[in-house]
Each structure stands twice: as C-alpha cells, then as structure tokens.
There are 2 protein chains.
Amino acid sequence: MNYIVVDLLGSDKGPSAILEGINIVLNEHSNLGVAIVGPIQEAKTFIKEHNIDESRIEYVDANDTVTNFDNPTECYFKKPDASIFQATKLLTSDKKYIGMITVGNSGAVLMSALRFAMTPEMTRPCIAAVLPNAQKGFTCLVDTGATIDCTKGQLLSFAKLGRDFMKYTYKIDNPRIGLLSNGAEKTKGNHLVKETYPLLEADESLNFVGNVEGNKALAGLCDVLVCDGFAGNQVLKNSEGMAVQIITEMMKYGKMTGKEAVCGEIAQYLMKTFDFESLGGGIVLGAAKPIMKCRGSSGKEAIRNVAHMLVNISLNKAVYEGEDERC
Amino acid sequence: MNYIVVDLLGSDKGPSAILEGINIVLNEHSNLGVAIVGPIQEAKTFIKEHNIDESRIEYVDANDTVTNFDNPTECYFKKPDASIFQATKLLTSDKKYIGMITVGNSGAVLMSALRFAMTPEMTRPCIAAVLPNAQKGFTCLVDTGATIDCTKGQLLSFAKLGRDFMKYTYKIDNPRIGLLSNGAEKTKGNHLVKETYPLLEADESLNFVGNVEGNKALAGLCDVLVCDGFAGNQVLKNSEGMAVQIITEMMKYGKMTGKEAVCGEIAQYLMKTFDFESLGGGIVLGAAKPIMKCRGSSGKEAIRNVAHMLVNISLNKAVYEGEDERC
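Note that the structure is predicted; figures quoted are calculated from it, not measured.

(A) Focus on the packing of aromatic side chains. All names here are of chain A. Across all of its chains, the model carries 18 aromatic pairs over all chains by this definition. Note on Tyr76 and Phe116: the rings are 6.1 Å apart at their centroids and 55 degrees apart in plane angle, and the pair reads as tilted. Pair noted here: Tyr76 is in helix α3 (residues 72–78) and Phe116 is in helix α5 (residues 106–116), with a separation of 40 residues, a long-range link. In textbook terms, an aromatic cluster arises when at least three aromatic residues are bridged by ring pairs, as seen for Tyr76, Phe77, Phe85 and Phe116. The ring centre of Tyr3 lies 5.1 Å from the NZ or CZ of Lys96, which sits over that ring.

Quick look at the structure:
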C-alpha cells in the first residue's frame, strides 16, 4: 500500500481540521494509507471515533512544532523532533511513502527539504504555486516564499524546476518562462532582476519570454513566473486578497440593490474561476519526493485537494524520478 | 493666474491625449493657466483648433524625452533638454506654477525632483499612490516604483512623507503606518524589511502598526503602506491587474448566461469602487511642489483627474509648505 505522510501540527485550526481532511482522503482513495506525524493520542481518538480502518494508518508521535515566530534554521537544531522534521525524514525512509502534506511554516518546510529530501543534483528547492490565469490555463509561480532573499543562481534554478514541473505535470511542451519585474523592458528591475535576466536569456534550455509586470502576472503571458520569495508571496497573496475583496464588494452591491441572488450566482462562478486555495497550496519543487505546503488556515477541503494532487503527481512521477515514458 | 506645468511627452497615446486632457481642465477651472512643455507646434495647432484662450497658455519648446529604455540618471547628462527636466525646472522657477503633471518614466520623474525640486530638508522623494481600500477609505502606498532598490533609511523617510500626506491632505489625525511583508509577524520579511521594522517601531512620531501581508495590502489595516519601489510596483499593478481580470471574467459569464445587462451594471459599480486610474496616478512626495506622475497609458480623463487633484492640493498646501492653519 502507498502512504502519504501528513504533518498534523501547525494548523491555525488545530489538528482536527487536518484529521477531517484525512478522513475524506481515505474515503476517496481506497488503496491509500496515511502516516500521521503529530500528537498520537488526539489522532487515535479521531480515527476510532470515525471508524477508520486502523490498518491503513501509521502513527509517529511528535509534539513539537516550528511556529511562525521561530527561526526555521535555529529550530533544526533546537527542535529536531518537531513534527515537520520527523515527517520529512519518514517520507524519504521508504518507497511506500509517496508524498507529504504539511501546513507548517514555509521556512521550516524548506529547511526539512534541504536536510532530508534533497535530490542527487542538490538543487535548492523552492515552493511553487500553480495559479489560474486569464487564458484559462495555469501559471506556475516560483518561489512563493520559501527563500525570501534570493540570488540570481537560485532564480535560474527555480526557472528550471518550474519548467520541468509544467512540462511533465501539466503537459506543456516548451513552457514559457517570465521574470517578474516592474516593467516589461529589459532595462527594468531591481538589482536581482537585472542580474538574473541575462542568465535566463543565455540558457538555451529555457524558453525565456522576458520581464513580466505585476498587472500581467496572471495574464497567461508565461507558464512559469520566476521571482524571489518575497515578491512571489506578494503576487500570491495580493491576487487572492483582491479576488476576495472584489467578490465581497459585489455581494454588498447585491444587498444594496436587492440583487443578492444574481450576485451570489456570479460570486460562485468567480470563486471557482479564481480559486487559489483548492489548487493545492504550494508544492515543493526540487525535493526527492512531492511535498505539499498548505496554508495555516487550510480546512479539510484543502487537505483533501492537495492529497488528490499528490496522488496524481505520484502516478505521473516524471518530475520526481526523471522523465516518464508514458508522457 | 496660477499655472500647472504639463509635460507633453512620454505618453503611449502621443501628445494629443494630454492636450485633450488639458482642454477639459481649462474648461473646468476658469482661473487656471497651463504651461505646456513639449513640441510647441503640435500644441499650438491644437489650442487654435479648439479655440482655447491663448492668454491662459504658456509654451516651452522641448522635443527630447526620456524613454522607458533609457537610464534616467544618464539622461540627466545626455538629454538635459528633455521635456521632463525642462518642466520641473519651470515648476520651481516661479510661485505662479502650482504643480506639474507628467506621464514620463518614473525614474526620470524622481531624477527631476532630486535635481530641481528638493525641499530644504533634502529628503529623497518617493512616488505615492492613494488606493481605495476595503474600509471605504484610502491607503497611501509608498514607494510605487521611483526607487526600486531601497535602503532602510529611505523607507523610514517614505513612512514620514506618507504620514504627512495622509494627515494634511486626507485629514487623518494619526495615520497608521504598515510595513509590507511576507507575514504579519515581526520575524517575517526580507533583509530590508527586517532592518526597517525596528526603525519604524522606534520612531515615536510614527503610529507604526507592524507588518502587513500582501492579501491585506488594501484591507484598510493601515493608512500608509511602506515598501520599496519594486514591491510597491507589484502591489499597485497586481491589484489593478486582478481587478481588470475579475471584471472581464464576470462580463464573459454575463455573455455566456444571457445576463449581460446585470453584469454590466455590477461591472460599472466595481470599476468605480476599484478605480485605480482616476485617483490620479502617482504623486511625488518630498518635492518642493506637487508633481503628479500619470501612467504612460493615461487618457484625457486621467489627465483631467490629476489636474483636479493638483488644484485641491494646492488650495490646501499643508504638505508642501508646512502645516496649513485652515486645517
């Protein structure tokens, strides 16, 4: 049986939201097991109460966690038994573990990947988000917040990781790579962008399409949008924040004008189209196995969705174990 | 008569869009004159064709311009007669010039302000944008792209410029200052943000409310949002890009379902609520006189709106000439 490893700690909603997500996953995938890493007692009670088949569950006890106030690098030394570290160690300990889900701190996720799940190439992993774009396609944003201050070499490496991910998982032949900047012209950018541009341009393995401005980030001009973790975090959160804000305003208008029904209907459609959450949170690229990083606020549906994505990726392992012959 | 100085070059739409804007402004403000800096011949033909009173117009001939491909600092030496430089020199040459409008390159606008319109305090100017927030108020974003790579000292100074602007122009008693980051916690941020946080926190003249995440940028948590020009440019453009994308998607839905009329009506409302353009583009803070920086794509209405804002600011000169007794 294949297992997914689930880190039970770090959720804003407590372990129960994650356990409820696991329950859905187990119901939907009858041939899948879950290795739960976290406070065992709470997990065991939940599994029993929900009549879940114990033979599909593994437990690893872990009660320590890396919080948003911690320094992730320090924690690696100070809290070596934190659930995120134990989960990542477990993930790479056996072939049967096909992937991992965590709602933990991004920095701790990166630290875990660096310490326990490096590929033979020893590339620095990044956390990507696959976002819906205006062309009814998807744009892979790298990095979204794992490495906040980046070097040009890291951005080049993120471009390649994003390219491979979109090629093998999304079946895009020659993914277009864009570089997030403050203007479309080659001359625009901060120091980092200006240094990175010639590297991306010179690399013949990349289909580099140049700088992409913030208002075009999700216009579908590129399949992979490269930026440092600080800027990527802004794009990710700002896009989502604006979507929420606009839909909220539309509902207010509906209430004001007595058009609640039609506004509600449009809101449903827009929420589905601009759904940043259900696409599965962030995915660690450049690690030996797929690791999904969900937000701290993720509910059971988000956990269910990323598990679904993990299973899909695992069936088409190209990104993680070299090109798949079936592609 | 008071004059506003208008730089005629740099528009994506050519000088005619700006001239049409000037025509509206002159019709709306009967006691205002305009000093046009740019290709005189085209301007004179327009003024004549539109029967505009010649006594309200001054002309300064300028045919050179700083393009988006130019390095603004180099241009100061290589193209000293570019319209933007001539316009800024004119602005500070006499009391009758109350402000300036340009659609030129942000870097060139900053360079002009630095060279020709510094205040006695010699603070580095920034370009602010005042954006509508979810609390039906406004958030002043500093910087939006004039200084792409910033120092912590510059961010501190931008915070103070933004504070004064919101205090005197928007009548907010003790403006709340937020620092754009990748997490709300004090520990989150890139190097620059982490260095800047303690400076803002320690300054007793600032009502610092801490880090603000990208999804809360326009939530109304702060009246002034401080960031470097690269990040600010992302917030500004990304917010606008998302608004356009969502409204476009809503119109598609209307077409698909035969609900064009109601979708069109909601779109109108949303475009008014999330109208980034008509609020007047960017405004240079920290210069001796107000300089409005419009986008290259600005149409006549945008020019009209920024002129209106310039006149308002000029009537309430607090920000530019010390606190106004009338406030």
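(B) Here's a closer look at helix α4 (residues 83–91) of chain A. Of all 9 residues that make up α4(A), 8 are buried, and the element is covered over most of its length. Listed as buried for α4(A) are A:Ser83, A:Ile84, A:Phe85, A:Gln86, A:Ala87, A:Thr88, A:Leu90 and A:Leu91.

(C) Summary view of the interface of chain A and chain B. Taken together, the contacts link 53 residues of chain A with 53 residues of chain B. Between chain A and chain B, the buried area comes to about 4,800 Å², and carbon and sulfur atoms account for 62% of it. B:Lys259 serves as the salt-bridge partner of A:Glu265, at 2.5 Å between the closest nitrogen and oxygen. For the pair chain A and chain B, the interface holds 28 residue pairs in polar contact (both at pLDDT 80 or more). Looking at the side of chain A that touches chain B, the elements with two or more residues in it are β7 (176–181), α7 (191–202), α8 (229–257) and α9 (260–273) of chain A. No other element matches α8(A), which puts 18 residues into the side of chain A that touches chain B.

(D) Summary view of the packing of helix α1 (residues 15–28) of chain A against helix α2 (residues 40–49) of chain A. All names here are of chain A. Running from N to C, α1 and α2 point in directions that differ by 40 degrees, and their axes come no closer than 11 Å. With respect to each other, α1 and α2 are oriented oblique. Of the two elements, α1 crosses α2, and the hand of that crossing is right-handed. Facing α1, whose interface residues are Pro15, Ser16, Leu19, Glu20 and Asn23, α2 presents Glu42, Ala43 and Phe46. Of the residues assigned to the contact of α1 with α2, the class counts are 4 nonpolar, 2 polar and 2 charged.

(E) Seen up close, the sheet that holds strand β2 (residues 32–38) of chain A. Residue and element names in this part refer to chain A. Read from one edge of the open sheet, 11 strands run β3-β2-β1-β4-β11-β10-β5-β6-β9-β7-β8, paired in mixed fashion. On the outer flanks of this sheet lie β3 (57–61) and β8 (207–213), each paired with one strand and no other. Neighbour to neighbour, the strand axes of the sheet diverge by 25 degrees on average, direction disregarded. With 6 bridges connecting them, strand β1 (residues 2–7) and β2 associate as parallel partners. Considered in β2, the bridge of Ile4 is made with Val34. Relative to the sheet, α5 contacts β4 (97–102), β5 (126–132), β10 (282–285) and β11 (291–293), its axis offset from that of β11 by approximately 170 degrees.

What counts, and at which threshold
- Residues numbered from 1 in each chain as written.
- Chains lettered and ligands numbered in written order.
- Predicted model: local features only at pLDDT ≥ 70, side-chain atom pairs only at ≥ 80, totals over all residues.
- Heavy atoms only, no water.
- Phe/Tyr/Trp six-rings, centres within 6.5 Å; stacked < 30°, edge-to-face > 60°.
- Helix = DSSP H or I, 4+ residues; strand = E, 2+ residues; numbered from the N terminus.
- Lys NZ or Arg CZ within 6 Å of the ring centre and 35° of its normal.
- Buried < 20%, exposed > 50% of the residue type's maximum accessible area, 1.4 Å probe, protein only.
- Contact = heavy atoms within 4.5 Å.
- Buried area = accessible area lost by both parts, 1.4 Å probe.
- Salt bridge = Lys/Arg side-chain N within 4 Å of Asp/Glu carboxyl O.
- Polar contact = N/O pair within 3.5 Å; in protein donor to acceptor, adjacent residues only side chain to side chain.
- Axes fitted to C-alpha atoms, helices over the stretch in contact; angles between N-to-C directions.
- Parallel < 35°, antiparallel > 145°, perpendicular 65-115°, else oblique.
- Left-handed = near helix turned anticlockwise from the far one by under 90°.
- Nonpolar A, V, L, I, M, F, W, Y, C, P; charged D, E, K, R; others polar.
- Pairing = 2+ DSSP bridges.

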